[in-house]
Amino acid sequence: MDVANFDLHINVVGGGNIDGPSAGLAIFLAIYSAVARAPLPQDVAVTGELSIAGKVRAVGGVVEKLYAARQAGMRSILIPKENAAT
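Residues numbered from 1 in each chain as written. Predicted model: local features only at pLDDT ≥ 70, side-chain atom pairs only at ≥ 80, totals over all residues. Heavy atoms only, no water.

Caption draft 1: Quick look at the environment of Ser-76. Mapped onto the elements of the fold, Ser-76 is located in strand 4 (residues 76–78). Residue Ser-76 is classed as partly exposed on the basis of its relative accessible area, which comes to 24%. In this structure, the C-alpha to C-alpha distance between Ser-76 and Leu-66, residues 10 residues apart in sequence, is 9.7 Å. Those residues in contact with Ser-76, other than ones at most four positions away along the chain, are Asp-43, Val-44 and Ala-45. (Helix = DSSP H or I, 4+ residues; strand = E, 2+ residues; numbered from the N terminus. Buried < 20%, exposed > 50% of the residue type's maximum accessible area, 1.4 Å probe, protein only. Contact = heavy atoms within 4.5 Å.)

See the structure below:
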């Protein structure tokens, strides 16, 4: 995979109804999957804020996210390690 072969532009409209920072890891994984042509499992939920340095940070609303993922039929749920204390 040579990233020089890709021209990626992400446009987030200001004031629009967009995902919050806890979608950062999921968005990164979707982009990586497309560039690397590596399919992701569709029954695994992912949440985590992604820092500019590539660190995964804790998120809020974990209980609600777990509930929603289970309702959607997710087999596994990946949450940031920092959320283990909550």
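Caption draft 2: Just the pattern of salt bridges, in detail. Tallied over the full model, the rule gives one salt bridge. Across the pair Asp-43 and Arg-75 runs a salt bridge, and its minimum N-O distance is 2.9 Å. Here Asp-43 is found in the loop between helix 1 (24–36) and strand 1 (44–46), whereas its partner Arg-75 is found in the loop between helix 2 (62–71) and strand 4, with 32 residues between them in sequence. (Salt bridge = Lys/Arg side-chain N within 4 Å of Asp/Glu carboxyl O.)

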